[in-house]
Amino acid sequence: MMTKDEERRTNSERVPASIRTTSLLMLVMLLALAALTGYWQVARGPSLTARDDNPRNVLAERLVPRGAILDRNGQSLAASQNSENGYVRYYPERAAEPVVGYYSLRYGVGGAEATFDAELRGTAGRTRMDAFKDELLHRIPPGHSVQLTLDLPAQQAADTALGDHAGAVVVLSAPEGEVIALASHPTFNPATLDDDWERLRADASSPLLNRATQGSYQPGAAFQTIILAEAISRGLAHLTDTVPSADAPVTVGDATLRCAAPPAGETLAAAFAAGCPAPFAMLADKFDARGMAAAIGRWELDVAPDRLGLPAHVSVIAPETLSNTQATRDLALGQGALTVSPLQMASVIGAIVNDGHPLGAPHLTQGPAPATPALPIMSSEVAGAIRAALPAHGGLAGQTALAVGGENQLAWFIGFAPVDSPQWVIVVLLEDGDGVTAHQIAALVNAKLMAP
Amino acid sequence: MTLENTRPWLPASVRLTAISSAAIERALLILAALFVGTGLVLLTLLARLSLVAGLLSFVVWAASFAVTHILLGRFLPERDPLLLPVAALLSGWGLVEIARLAPAFLARQTLWLPICLSALLAVTAAPRDLRWLRRYRYTWLFGGLLLLAATLVVGVNPSGASIARLWLRAGPLSLYLQPSEILKLLFVAYLSSYLAEKSELITTVGPRIGRFRLPALPYLAPLLVMWGLAMLLLASQEDLGAAVLFFFTFLAMLYIASSQAGYVVGGLGLFLAGAGVAYRLISRVALRVDTWWNPWPEASGRAFQIVQSLIAMGTGGIIGQGLGQGSPTVVPVVHSDFVYAAIGEEFGLIGTLAVVILFSVLILRGFRAAMHARAPFAQLLGAGLATLIGLQAWVIMGGNARLIPLTGVALPFLSYGGSSLLSSLIAIGLLLQVSDRQLPGR
């Protein structure tokens, strides 16, 4: 039995032990706090700062003197101007939207604004050391201007000529493959994108879609160039072959295919020039499935245009879709499983213009072309023969063709100018139109291109 | 070997311990002054602060702590040399943060500093046996409770809001006092006195129920009273933070006095049960718990603050954006509730770890002083105050970092608020008293 004094002493000795335990516990709590703080600040830092609801990203963006986007003659298509709220992006030329795209604090970047973001921001081409120093010292590198191959007058002409039609116009330079004009309708206004975004996304006419590069259309009679080049190369047909009743309509499923214009004779060349389907339906029967697949593969429709930098449609050619003669025939008529974008059709006609060699890969800025020379798709004789078969009016040569896309009649014009020494390939697509209108639009654009 | 022989260059008359202790404190205070001065100069250069305001607040801060340092040499020559410099650095950093985050409040916070340090000096100048605090525990406690009760009648909210009128207007300088901050200290002092006096009952056993032995009544009764008080706080003020702080400080002191871990387990159970009921009945408690458990789905709604706090911390990375270079003000009420996150953004992990280490040093020195004290009252007071400061800092920093649900308690020394600074510096004064080796009863 302890005395009271002993008890008291024991107690006062016991107290420091419990103090030590308490202080240890508090240290463990603080250690847990330090560890969790380290987790948020280091391990989760990048994912936290990248969140959409981090207002710093918008605040920082307003301080960036973003470079201008210029056309090939130095005309401004997009520029940043300083205001009391920081830099604001201006778009002096609405016609250039499908190429220039948009720059939004809320919805990010699109088009060339996205493709050349690093250059425009001034972060491209920095050494790692410079990038680190800029980051450390909160220095904002000045943005660099980007000069496009786009020609503003041609772009404006394409935009104006397209008018209210839903569709696209593509002009590439031959043989380089520079994008001279790239119009797509309907489109949007990048200056009011933040306000319009929800409406634009909900719009059934897809204004945010760049029809020239991303559109996925039935080529219809515009596909005849590919079939014809292959058939002539293999000796399956000649342009001088006589084709009786070339203007006969052809039915594919529910759709009825017709000539875009009355043929000017009874030869295969005349049928091709008028975009008549009947001779090509017969020609298709001379191909077997493997031959057809090989013919199409040569045109590299399934290869993405990497040099362009814009999102683009890539054709899918599944061998099993060619398993029967009907599928092969549909394909040859341009109404099968294969769909193309206007940009792809520009490359197709480009090979005809370029003596059988593929056109340079489509691109928006000057730069070194890929070193590896591309294999020819056809001989220069075949290309020359097809070029000669295309009808020419007023300095513009090309084929007008129709296709059926769902409920609508698609109208294509694929051609080139000038007729004697081609400098440009021109493709027009109308989602609901006739061959005459497509040809007229191409002629209007060509008139601007030819103007001094 | 005598001290005089080991350090022959020192005059024989001076005591080495006293000299080195004061010198350490002085050297550390100069380091703190360099940090605070650099911070204010930076903010001035960035044009976030006028030269006059920066200079004035630095001079007031530096002069207040210099005078305190000099007078403490007279009052408590053998005090712990780390307590004051850490408090000086933290409160100076607090001034820098207020200058950065809410410059409009800088003058008011600066004005509080000499007042708070006067209170610290008054505490340290008082007789060293602390009888004035120990003997009149009920007088002090009821004084504190009266002040708190006064807020129910004449309470105001400095922001002019008609809710949460927890302040009393003090004097003509439009300084506002929050009595609950002072009550926390009086409560720790009261408990220290009560538990020290009843310590002989430590081995007495309580009533038995079957195989289980209940705690002795002197512990059981206050435990239940405290639990009731904490729950009352929760219900009346919806103040989760204050309830947690009061209750867990109490539990820690009960454990320190009794060495019975059973009280902690039992108390924790009671708290969780009470919190469970509060979660179901009080929407604000439910909100805080929900947004802690999973804030991401409601990042733009109810969990906006905590998610923004975490983004601010993530923005800081390891070295931080640099003082005045980040955007911590996008976090709502950053200057009072999210100073830790603001430091995380601009000073990085280095800064947040520095804050955690400074608080660790502060409470470890407090616990050390308590362990070296002989008188039970001094032991309990020192350990209780160290626990109170440590818990309060942990609760709000843990809330910022999503370790625990967010509560609105102030981060001692660093948050904007005069009452919080006052109670923190009075606590430092009491810890200095406890740490002094000439304290009677050692």
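Residues numbered from 1 in each chain as written. Chains lettered and ligands numbered in written order. Predicted model: local features only at pLDDT ≥ 70, side-chain atom pairs only at ≥ 80, totals over all residues.

**Here's the deal with the overall build of chain A**
Here comes step 1: The secondary structure content of chain A amounts to 18 helices and 14 strands.
Here comes step 2: Radius of gyration (C-alpha) of chain A: 31 Å, far over the 22 Å computed for a compact globule of 452 residues.
Here comes step 3: Dimensions of chain A along its principal axes, counting C-alpha atoms only, are 130 × 55 × 45 Å.
Here comes step 4: Across the 452 residues that make up chain A, the buried fraction comes to 44%.
Here comes step 5: The long-range fraction of contacts in chain A, counting pairs at least 24 apart against all pairs at least 6 apart in sequence, stands at 66%. (Helix = DSSP H or I, 4+ residues; strand = E, 2+ residues; numbered from the N terminus. Rg over C-alpha atoms; globule rule 2.2 N^0.38 Å. Buried ≥ 20, exposed ≤ 12 C-beta atoms within 10 Å, placed from the backbone. Contact = placed C-beta atoms within 7 Å.)

**Quick look at the overall build of chain B**
Here comes step 1: Along chain B, the regular secondary structure elements total 17 helices and four strands.
Here comes step 2: Taking contacts inside chain B between residues at least 6 apart in sequence as the whole, the part at least 24 apart equals 68%.

**Examining unusual backbone geometry**
Residue and element names in this part refer to chain A.
Here comes step 1: Put simply, H185 and P186 share a cis peptide bond, and its omega is -5°.
Here comes step 2: For P186, the position within the fold is in the loop between strand 8 (179-185) and helix 9 (193-202).
Here comes step 3: At the junction of A417 and P418, the peptide bond is cis and its omega measures out at -15° in the coordinates.
Here comes step 4: With a phi close to 50°, S206 is a non-glycine residue in the positive phi region.
Here comes step 5: One can find S206 in the loop between helix 9 and helix 10 (211-214).
Here comes step 6: With 15 C-beta atoms counted inside 10 Å, the residue S206 sits in the partly exposed group.
Here comes step 7: Notably, E300 is not glycine yet its phi reads approximately 55°, a positive angle.
Here comes step 8: Topologically, E300 is positioned in the loop between helix 14 (289-297) and helix 15 (325-332).
Here comes step 9: E300 gets classed as partly exposed once you count the C-beta atoms within 10 Å, which come to 19.

**Comments concerning the interface of chain B and chain A**
Here comes step 1: Every contact between the two is made by 46 residues of chain B and, on the other side, 38 residues of chain A.
Here comes step 2: Of all the secondary-structure elements, those providing two or more residues to the side of chain B that touches chain A are helix 10 (240-258), helix 13 (304-316), helix 15 (339-372) and helix 16 (376-400) of chain B.
Here comes step 3: Per element, the largest residue contribution to the side of chain B that touches chain A is 13 residues, and it comes from helix 15 of chain B.
Here comes step 4: Residue classes in the side of chain B that touches chain A are distributed as 26 nonpolar, 19 polar and one charged. (Nonpolar A, V, L, I, M, F, W, Y, C, P; charged D, E, K, R; others polar.)

**A closer look at helix 15 of chain B**
Here comes step 1: For helix 15 of chain B, built from 34 residues, the straight-helix expectation of 50 Å at 1.5 Å per residue is missed by more than 12%, its first-to-last C-alpha distance being only 34 Å.
Here comes step 2: Taking the largest bend as the criterion, helix 15 of chain B deviates by roughly 135°, centred on F347 of chain B. (Expected span 1.5 Å × (residues − 1). Bend = angle between axes of the 7 residues up to and from the residue.)

**A closer look at the domain arrangement of chain A**
All names here are of chain A.
Here comes step 1: According to the domain assignment, chain A contains domain 1 (56-147) and domain 2 (152-192 + 200-450).
Here comes step 2: Averaged C-alpha coordinates put domain 1 and domain 2 at centres separated by 35 Å.
Here comes step 3: Contact residues are listed per partner, giving 17 residues for domain 1 and 18 residues for domain 2.
Here comes step 4: Ranked by the residues each element gives to the side of domain 1 that touches domain 2, the list is headed by helix 4 (residues 97-100), at three residues.
Here comes step 5: Broken down by class, the residue content of the side of domain 1 that touches domain 2 amounts to eight nonpolar, five polar and four charged. (Domains from an automatic or database assignment.)

**Side note on the packing of helix 15 of chain B against helix 17 (residues 418-435) of chain B**
Residue and element names in this part refer to chain B.
Here comes step 1: One can describe the packing of helix 15 onto helix 17 by two numbers: an axis separation of 8 Å at closest approach and a directional angle of 40°. Put simply, helix 15 runs oblique to helix 17. Two packed elements cross with a definite hand, and for helix 15 against helix 17 that hand is left-handed. Contacts between helix 15 and helix 17 involve G366, A369 and A370 on the former and, on the latter, L431, V434 and S435.
Here comes step 2: Here the contact of helix 15 with helix 17 is composed, by residue class, of four nonpolar, two polar and no charged. (Axes fitted to C-alpha atoms, helices over the stretch in contact; angles between N-to-C directions. Parallel < 35°, antiparallel > 145°, perpendicular 65-115°, else oblique. Left-handed = near helix turned anticlockwise from the far one by under 90°.)

**Here we look at the sheet that holds strand 14 (residues 424-430) of chain A**
Residues and elements named next belong to chain A.
Here comes step 1: Strand order in the open sheet made by the six strands is 8-7-14-13-12-11, with antiparallel pairing throughout. Bordering the open sheet on either side are strand 8 and strand 11 (392-393), each of which pairs with just one other strand.
Here comes step 2: In this sheet, strand 14 lies alongside strand 7 (residues 167-173) in antiparallel orientation, the contact comprising seven bridges. Within strand 14, the residue paired with S173 across the bridge is W424. (Pairing = 2+ DSSP bridges.)

**Some thoughts on the sheet that holds strand 2 (residues 76-83) of chain A**
Residue and element names in this part refer to chain A.
Here comes step 1: Spatially, the four strands line up as an open sheet ordered 3-2-1-6, and their pairing is mixed. Bordering the open sheet on either side are strand 3 (86-90) and strand 6 (146-147), each of which pairs with just one other strand.
Here comes step 2: Here strand 1 (residues 69-70) pairs with strand 6 via two bridges, running parallel. For L70, the partnering residue across the bridge sits in strand 6 and is Q147.

**So, the confidence of the model for chain B**
Residue and element names in this part refer to chain B.
Here comes step 1: Taken residue by residue, chain B gives an average pLDDT of 84. The fraction at 70 or more is 84%.
Here comes step 2: Low confidence marks residues 1-5, where pLDDT is under 50. Its contacts with residues over four positions away, or in another chain, come to three contacts.
Here comes step 3: The ipTM, which scores confidence in the relative placement of chains, is 0.90 for this predicted complex, and the corresponding pTM is 0.72. (pLDDT = per-residue confidence, 0-100.)

**Things to note about the environment of L82 of chain B**
Residue and element names in this part refer to chain B.
Here comes step 1: Along the chain, L82 turns up in the loop between helix 3 (51-75) and helix 4 (83-101).
Here comes step 2: When the 18 C-beta atoms within 10 Å are taken as the criterion, L82 is described as partly exposed.
Here comes step 3: Between the C-alpha atoms of L82 and V361, which are 279 residues apart in sequence, the distance is 8.1 Å.
Here comes step 4: For L82, the contacting residues outside a window of four places in its chain are V361 and R365.

**Things to note about the pairing of strand 7 of chain A**
Here comes step 1: The buried count for strand 7 of chain A comes to seven of seven residues, which makes it a mostly enclosed element.
Here comes step 2: What you see with strand 7 of chain A is no split at all: G167, V169, V171 and S173 of chain A on one side and A168, V170 and L172 of chain A on the other are buried throughout.

**Observations regarding the environment of A231 of chain A**
Residue and element names in this part refer to chain A.
Here comes step 1: With respect to the helices, strands and loops of the structure, A231 is situated in helix 11 (residues 224-233).
Here comes step 2: Look at A231 and you get buried, because 25 C-beta atoms sit within 10 Å.
Here comes step 3: Residues contacting A231, with those up to four places away along its chain left out, are L236, A237 and L283.

**Some words on helix 16 of chain B**
In an α-helix there are 3.6 residues to a turn, and that puts residues three or four apart on one side.
Here comes step 1: Between its first and last C-alpha, helix 16 of chain B extends 36 Å over 25 residues, near the 36 Å set by a 1.5 Å rise per residue.
Here comes step 2: Burial of helix 16 of chain B is extensive: 25 of the 25 residues sit out of reach of the surface.

**Some remarks on the packing of helix 4 of chain B against helix 17 of chain B**
Residues and elements named next belong to chain B.
Here comes step 1: Where helix 4 meets helix 17, the closest approach of the two axes is 10 Å, and the angle between their N-to-C directions is 165°. One element, helix 4, and the other, helix 17, form an angle in the roughly antiparallel class. Here helix 4 runs over helix 17; the crossing is right-handed. Contacts between helix 4 and helix 17 involve L83, L84, A87 and S91 on the former and, on the latter, L421, L425, I428, L431, L432 and S435.

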